[in-house]
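Fold and geometry: a report
Listed below are the residues making up each chain.
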Amino acid sequence: MDLSYGPEYEEFRREVRAFLDAHKSVAPPAAIGLEGSPQVRDWQKRLVDGGYASRTVPRQYGGFGAKPDLLQNIIIDEEFRRAGVSRGMANQGISMFVPTLLQYGNEDQKLRYIGPTIRGEMIWCQGYSEPGSGSDLASLKTSAVLDGDEFVINGQKIWTSTAREAQMMFALVRTEPDAPKHEGISYLLVDMKAPGLTIRPLVMMTGHAGFNEVFFDNVRVPRENLIGRRGQGWEVGKATLIHERNMLGAADQTENSYIRCVDVLRDFGVLDNAVYRDRLMKIAARTYAMKFHSMRMLTDRLKKRPPDAAALIMKLNGCQLNHDIAKLAIDAMAETGTLKRGSRHVRADGAWQNEYMFQLGLIIGGGTAQIQKNIISEIGLGMPREPKAARGASR
Amino acid sequence: MDFGLSDDQTLFQSSLRGFLGEKVPTGRVRTIMESASGHDASLVQQLGEQGVTGILVPAEYGGTGLSLLDAAVAAEELGRAAVPYSFHAAAVLAPLLLAASSNEARKSEWLPRIAEGRATLGAIVAGPEVRDGRLSGSASFVPDAAVASAFVVRCGSGPSAQFHVVPRTASGLRVEALSTIDDTRRVGEVFFDGVAVDAGTNLEIADASAGFERALDAARIVLAADSLGAAERSLDEAVKYALTREQFGRVIGSFQAVKHMCAEVFAEIEPLRSLLWYAAFAWDERRDDAPMMAALLKSHACEAATEATTTCVQVYGGMGFTYECDMQLWFKRAGYNRQMLGSPAALRELAAARMS
Ligand SMILES: Cc1cc2nc3c(=O)[nH]c(=O)nc-3n(C[C@H](O)[C@H](O)[C@H](O)COP(=O)(O)OP(=O)(O)OC[C@H]3O[C@@H](n4cnc5c(N)ncnc54)[C@H](O)[C@@H]3O)c2cc1C
């Protein structure tokens, strides 16, 4: 056991600190919106150029071209957190689509999309779920038929986060209707301005219109927008989902949230109350357990050991824990905990109330808790698939 | 950066698991736990040969003088195998207190015998008082009370506390057995009726109250490890059973209700293991957060293990509720660990107090 990073990394830490000192004055507040203001986009560019966002994306695609180094990433996280400075935009394009494209895209596609995406100029949405295909994603029906040099798309997507802000969608569509369920899917990029595409906002329980329905009525997409081969979409799409799960339930965010929750309990004078202390310590134990658990996973990755079953629980536990932390914080606020953003008496402009609701969404999104448990029991514990589910794997 | 067990520790773990699997199968566990004393001196000697009893005994006294993280690895295996042995007391509390002592005579009397597995010492954490060179009072829940060769007795509390080593045969000392839900670790009540103590029995521990808290935290950490072992083993057994038992024409392990029970236990146990490693490491390194982590760990491990073993008994259905089924061993073991040296609620309170 050795939790130190060694001298060369401490040197790197000094570099990060120097960058932060030099740029802190222009950094936007830690939580930033999705498309971002000009200030946010300016910040995003500085981060990309400095190598503090999309660090390992090759230079020819507009990245910094650093060798993958997990410890450097951790140090960047630590120092940015300590300085209270935003790590830049974390949207589906940057965290999920770019890594997928690097793996499966051709040279033209990489040159075209990666640069603008990581600089925050191009926003993406994920067109996977359909009204009839959620957990059983591979049953999706939205069709894409090749007509000359274009795919013609018909069908509907649902729960599409940020569809209205996005310029582009990465979508799963059925291109081979006669192939078995998993082999008939392709991964296509769709321009959100294409004729025949309409978006209808869906209001989330938080009151925000965070996700949408997207309808395709003979939407034409050039053939070159296909990522990977025809019929390879399930494989490509699953790669994106792995990146999504790595993002959801990440332990450093949970620890931040726990630390802020302690402050809330203190502010509301319940930190010395036995019942609250008891609840807080239960959460503290789970938070630290997940923190050290992610260090254990990190060590496995550093040592190039294949991920073991224990890695499968990060999303399940992390999302549930985030929700429980928010619940404790709003409980400590008593009636004040019910107030929404903009109300008189509201604390932190309703951030915890929003969190309390939004984190519940993340327990469902990206694969529900129940689906995660299926995966853990099947892959982690070697238990059999449900006879019915055996015909079509869930997401 | 290297978070996890070293190669040596992994090797120690697998060889101890192999040894216990072969020499202490649940059949032997049952024979020992059903015996009157619940104690098998030959088992303790075998554990001595495996380096288990002397793991925290300094090398100059015949032990291996390893770290608490090593002890936690051992404790997890003892819990997995439900070994009838009070590791947390006999191999952790007693030797750590002895090792902190400056009384050379007592150290060289007991430490080598502990390391070899030829003596078991009970540890008394509260109860008796010294007046005019005599001990009076009583202590309950004393591990191995009926079979210990001697007791390390904490007399009084706070900075003025003294620690004496009192042989079980001392005049004025009387033991009565208590029977708990867990027959694999026996406890008793020890009565002191004017037992003579003097400079020869006094351990002379410098900074006694800090030293004692530290030893107690170590014992809590290994009890947590024992609970983790019990929980893991229950899950292993439950999954195995679920893959063979059939109902409605299919193995019960193909029912999602059963799969989810097992997945939940797994998801609870794995981060606990990471927390255990960190807490033991923090203790070894005397990190600032070590006292808080010890308390958090023990409370969390005991909650998780009681939950896990409760769930795993249910995977077995009615079979799980029989005396014959081994699930009872780990269920009861987790129940014992839960209450000893601080219940989950008490330790959460302690952790909060230790939170900076
Ligand atoms: C906040 C949020 C944002 C989202 N953003 C996007 C997005 O940007 N793009 C996108 O494509 N999708 C998005 N989604 C959709 C999300 O991926 C799906 O909601 C999710 O995969 C579940 O599918 P479903 O809603 O159809 O539920 P269903 O699949 O209908 O599930 C309903 C219930 O049945 C259970 N269930 C279903 N199948 C099984 C099974 N085999 N075993 C056990 N239980 C089962 C589920 O666990 C759940 O409890 C988002 C969802 C949320 C909540």
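Fair warning: this is a prediction, and the values are worked out from it, not measured in the lab. (Residues numbered from 1 in each chain as written. Chains lettered and ligands numbered in written order. Predicted model: local features only at pLDDT ≥ 70, side-chain atom pairs only at ≥ 80, totals over all residues. Heavy atoms only, no water.)

Helices and strands together make up the secondary structure of chain B, namely 11 helices and 9 strands. Over its C-alpha trace chain B gives a radius of gyration of 20 Å, about what one expects of a compact globule, namely 21 Å for 356 residues. Taking the principal axes of the C-alpha coordinates as reference, chain B spans close to 75 × 50 × 35 Å. Within the span of chain B, comprising 356 residues, buried residues form 58% of the whole. Per element, the accessible surface of chain B, about 13200 Å² overall, is 51% carbon and sulfur. Between the centroid of the 32 positive side chains of chain B and the centroid of its 44 negative side chains there is a distance of 4 Å. (Helix = DSSP H or I, 4+ residues; strand = E, 2+ residues; numbered from the N terminus. Rg over C-alpha atoms; globule rule 2.2 N^0.38 Å. Buried < 20%, exposed > 50% of the residue type's maximum accessible area, 1.4 Å probe, protein only. Areas by Shrake-Rupley, 256 points an atom, 1.4 Å probe, with all protein chains shown as cover. Lys, Arg positive; Asp, Glu negative; His and termini not counted. Charge placed at Lys NZ, Arg CZ, Asp CG, Glu CD.)

Okay, the pairing of strand 1 (residues 124-127) of chain A next. Residue and element names in this part refer to chain A. Residues W124 and Q126 of strand 1 are buried on one face, and the alternating residues C125 and G127, pointing to the opposite face, are buried as well. Pairing of strand 1 with strand 4 (residues 168-174), which is carried by 4 bridges, proceeds in the parallel orientation. Paired with G127 across the two strands is A171, which belongs to strand 4. (Pairing = 2+ DSSP bridges.)

All names here are of chain A. Along the polypeptide, D300 turns up in helix 8 (residues 274-302). With relative accessibility at 9%, the residue D300 sits in the buried group. Excluding anything up to four places from it in sequence, D300 contacts R305 and D308. (Contact = heavy atoms within 4.5 Å.)

Okay, unusual backbone geometry next. Its identity as a non-glycine residue notwithstanding, D349 of chain A has a phi of 50°, on the positive side. Among the secondary structure elements, D349 of chain A is positioned in the loop between helix 9 (314-332) and helix 10 (351-364). Residue D349 of chain A is classed as partly exposed on the basis of its relative accessible area, which comes to 40%. Phi at D144 of chain B takes a positive value of approximately 55°, unusual for a residue other than glycine. For D144 of chain B, the position within the fold is in the loop between strand 3 (134-143) and strand 4 (150-155). Overall, the relative accessible area of 8% leaves D144 of chain B in the buried class.

If you look at the interface, chain B gives 45 residues, while chain A gives 46 residues. With both chains or domains summed, chain B and chain A bury close to 4000 Å², and 69% of this area falls on carbon and sulfur atoms. When the buried surface of chain B facing chain A is broken down by residue, M1, F3 and K259 of chain B rank first, second and third, together holding 20% of it. Between K259 of chain B and E378 of chain A there is a salt bridge, and its shortest N-O distance comes to 2.5 Å. (Buried area = accessible area lost by both parts, 1.4 Å probe. Salt bridge = Lys/Arg side-chain N within 4 Å of Asp/Glu carboxyl O.)

It is worth spelling out the nonpolar core at this point. Core analysis: the biggest nonpolar cluster contains 202 residues, and F80 of chain A together with Y85 and F87 of chain B have the highest contact counts within it. Sort the elements by how many residues they give to this core and helix 7 (residues 208-242) of chain B lands first, with 19 residues. Aside from chain neighbours lying at most four places away, what touches F87 of chain B is V52, I55, A71, A74, A75, L78, V92 and V222 of chain B. Membership of the second largest hydrophobic core comes to 23 residues, among which are I123, F151, V214 and L226 of chain A. (Core = buried A, V, L, I, M, F, W, Y, C linked by side-chain atoms within 4.5 Å.)

Next up on the list: the confidence of the model for chain B. Taken over all residues, the pLDDT of chain B has a mean of 96, while the share at 70 or more is 100%. Two summary scores accompany this predicted model of the complex, namely pTM at 0.94 and ipTM at 0.94. (pLDDT = per-residue confidence, 0-100.)

Let us look at the pairing of strand 4 of chain A. All names here are of chain A. In terms of burial, strand 4 is a largely internal element, 7 of the 7 residues being buried. The alternating pattern of strand 4 places M168, F170, L172 and R174 and M169, A171 and V173 on opposite faces, both of which are buried. Relative to strand 5 (residues 185-191), strand 4 is paired through 7 bridges, and the arrangement is antiparallel. When the sheet's bridge partners are listed, M169 is paired in strand 5 with V190.

Turning our eyes to something else, we now look at the sheet that holds strand 7 (residues 187-196) of chain B. All names here are of chain B. On the basis of which strands lie adjacent, the open sheet formed by 4 strands has the order 2-3-7-6 and antiparallel pairing. Either end of the sheet is taken by a strand with one partner, and the two such strands are strand 2 (129-131) and strand 6 (173-178). Across the sheet, the mean angle from the axis of one strand to that of its neighbour is 10°, orientation sign disregarded. Note: strand 3 against strand 7, 8 bridges, orientation antiparallel. From the neighbouring strand, V142 faces strand 7, where its bridge partner is G188. (Axes fitted to C-alpha atoms, helices over the stretch in contact; angles between N-to-C directions.)

The subject of this paragraph is the pattern of salt bridges. What the rule picks out here adds up to 56 salt bridges over all chains. Put simply, E79 of chain A and R17 of chain A hold a salt bridge, and the shortest N to O gap is 2.7 Å. Of this pair, E79 of chain A sits in helix 3 (residues 70-83) while R17 of chain A is found in helix 1 (residues 7-23), placing the two residues 62 residues apart along the sequence. Taken together, the shared-partner salt bridges connect R296 of chain A together with E76, R80, E232, D236, E270 and R273 of chain B into one network.

So, about the sheet that holds strand 1 (residues 121-124) of chain B. Consider a sheet: its strands pair through backbone hydrogen bonds, and that pairing is either parallel or antiparallel. Residue and element names in this part refer to chain B. Taken in spatial order, the 3 strands make up an open sheet running 1-4-5, and their pairing is mixed. Edge positions in the open sheet fall to strand 1 and strand 5 (162-167), since each of these has one partner strand only. For this sheet the average axis-to-axis angle between neighbouring strands, irrespective of direction, equals 20°. Bridge analysis of strand 1 against strand 4 gives 4 bridges, and the strand direction is parallel. Note on strand 4: the bridge partner recorded for I124 is V153. On top of the sheet, helix 5 (residues 87-99) reaches strand 1, strand 4 and strand 5; it is set at about 70° to strand 1, its chief contact.

Further remarks concern the packing of helix 8 (residues 256-284) of chain B against helix 9 (residues 290-315) of chain B. All names here are of chain B. Viewed as axis vectors pointing N to C, helix 8 and helix 9 meet at an angle of 160°, and their least axial separation amounts to 9 Å. If you check the angle between helix 8 and helix 9, you find them roughly antiparallel. Crossing hand, helix 8 versus helix 9: left-handed. Contacts from V258, M261, C262, V265, E268, L272, L275, L276, Y278, A279, A282 and W283 of helix 8 reach helix 9 at A290, M293, L297, H300, A301, A304, A308, T311, C312 and V315. Each residue belonging to the contact of helix 8 with helix 9 can be placed in one class, and the counts come to 19 nonpolar, 2 polar and 1 charged. (Parallel < 35°, antiparallel > 145°, perpendicular 65-115°, else oblique. Left-handed = near helix turned anticlockwise from the far one by under 90°. Nonpolar A, V, L, I, M, F, W, Y, C, P; charged D, E, K, R; others polar.)

Turning next to the side chain of H23 of chain A. Residues and elements named next belong to chain A. Within the secondary structure, H23 sits in helix 1. One polar contact links the side chain of H23 to the main-chain carbonyl oxygen of F19, over a distance of 2.9 Å. Beyond its immediate chain neighbours, meaning those up to four positions away, H23 contacts W43 and R46. (Polar contact = N/O pair within 3.5 Å; in protein donor to acceptor, adjacent residues only side chain to side chain.)

This part takes up the environment of G318 of chain A. All names here are of chain A. With respect to the helices, strands and loops of the structure, G318 is situated in helix 9. Among the residues examined, G318 registers a relative accessible area of 2% and is labelled buried. Taking the C-alpha atoms as reference points, G318 and G269, separated by 49 residues in sequence, lie 27 Å from one another. Contacts of G318, omitting those with residues within four sequence positions, involve G249, T254, M290 and I313.

Taking 1.5 Å as the rise per residue, helix 9 of chain A with 19 residues should run 27 Å; its terminal C-alpha atoms sit 27 Å apart, in good agreement. Downstream of helix 9 of chain A by a residue or two, A334 of chain A has a phi angle that is positive, lying close to 50°. (Expected span 1.5 Å × (residues − 1).)

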